[in-house]
Amino acid sequence: MSKIAICSDIHANAPALRAVYRHLVSRVDTFWILGDIFGYGPYPARTWKMVRDVIRPEVLLAGNHDWYVLPDDLENRTGSRLPGPVYRVQPDGKRTRVTGPRESAWKVALRHRQDSDDTLLATLATLPTQHQPTPNIFLGHAMFSVRGNAVASLEQRIAEPGQLEAAL
């Protein structure tokens, strides 16, 4: 039986991803990354390069923050604010809580898009949002909807609603 590391919500934090990878690389056979490579953190290009060139995950899904980086999605964003307490990750890895006006999800995505080249954006646009490696396993990136229901957002991305119930 192969050992799988399942990672999600990296949010452009290359130092944290590097630490996790170094800890797990000799302990697992493969990596599955379930979305949100981008968002929040200061290192979008470096994080993407590590995922693509070093980790080379067997499964790589797109999350909502990854979608925000894409040009079409950016044009349709309303500039909604990120929920909850917001932290900025400093280059030394320390987090500082944002107490003033919060940076909107749109502004973070715009910043990350500016750090991305056309090849990265084209690849990002082709990533699936769900994967079913076996009949008993369903992988997807859940996110909070406007109603605050993560499952509702995931259901909207499943081709057949019955797939969600079968996966749970």
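It should be noted that the structure appears before, not after, this text.
A brief look at the structure comes next. Note that the structure is predicted; figures quoted are calculated from it, not measured.

**So, the packing of helix 1 (residues 14-24) against helix 2 (residues 44-55)**
Piece 1. Relative orientation of the contacting elements helix 1 and helix 2 amounts to 25°, with a least axis distance of 9 Å. One way to sum up the angle between helix 1 and helix 2 is to call them roughly parallel. Handedness of the helix 1/helix 2 crossing: right-handed. Residues Ala14, Pro15, Leu17, Arg18 and Tyr21 of helix 1 pack against Arg46, Thr47, Met50, Val51, Val54 and Ile55 of helix 2.
Piece 2. Grouping the constituent residues of the contact of helix 1 with helix 2 by class yields eight nonpolar, one polar and two charged.

**Quick notes on helix 1**
Piece 1. What helix 1 keeps buried is the set Ala14, Leu17 and Tyr21. Projected onto a plane normal to the axis of helix 1, the buried residues spread over an arc of 60° and lie on a single side.
Piece 2. Each element contacted by the buried residues of helix 1 is listed here: strand 2 (30-33) and helix 2.
Piece 3. For helix 1, the side-chain oxygen to backbone nitrogen distance between the N-cap and Ala16 is 3.2 Å, and the N-cap itself is Asn13.

**So, the environment of Ile6**
Piece 1. Topologically, Ile6 is positioned in strand 1 (residues 4-7).
Piece 2. Residue Ile6 is classed as exposed on the basis of its relative accessible area of 52%.
Piece 3. On a C-alpha basis, the gap between Ile6 and Trp32 in space is 4.8 Å, while along the polypeptide they are 26 residues apart.
Piece 4. When sequence neighbours within four positions are dropped, the list of residues in contact with Ile6 reads Trp32 and Leu34.

**What to know about the pairing of strand 1**
Piece 1. Burial along strand 1 is one-sided: the face carrying Ala5 and Cys7 is buried and the face carrying Ile4 and Ile6 is not.
Piece 2. Note that strand 1 and strand 2 share four bridges and pair parallel. Its bridge partner being in strand 2, Ala5 is matched across the sheet by Phe31.
Piece 3. With respect to chirality, the unit in which strand 1 leads through helix 1 into the neighbouring parallel strand 2 is right-handed.

**Examining the pattern of salt bridges**
Pairing is possible between side chains that carry opposite charge, provided their charged atoms lie close to one another.
Piece 1. What the rule picks out here adds up to one salt bridge.
Piece 2. The salt bridge partner of Asp53 is Arg52, with a shortest N-O separation of 2.7 Å.
Piece 3. Judged by relative accessible area, which is 45%, Arg52 ranks as partly exposed.

Cut-offs applied
- Residues numbered from 1 in each chain as written.
- Predicted model: local features only at pLDDT ≥ 70, side-chain atom pairs only at ≥ 80, totals over all residues.
- Heavy atoms only, no water.
- Axes fitted to C-alpha atoms, helices over the stretch in contact; angles between N-to-C directions.
- Helix = DSSP H or I, 4+ residues; strand = E, 2+ residues; numbered from the N terminus.
- Parallel < 35°, antiparallel > 145°, perpendicular 65-115°, else oblique.
- Left-handed = near helix turned anticlockwise from the far one by under 90°.
- Contact = heavy atoms within 4.5 Å.
- Nonpolar A, V, L, I, M, F, W, Y, C, P; charged D, E, K, R; others polar.
- Buried < 20%, exposed > 50% of the residue type's maximum accessible area, 1.4 Å probe, protein only.
- Arc of directions from axis to C-beta.
- Polar contact = N/O pair within 3.5 Å; in protein donor to acceptor, adjacent residues only side chain to side chain.
- Pairing = 2+ DSSP bridges.
- Right-handed = clockwise from strand over helix to strand, strands pointing away.
- Salt bridge = Lys/Arg side-chain N within 4 Å of Asp/Glu carboxyl O.

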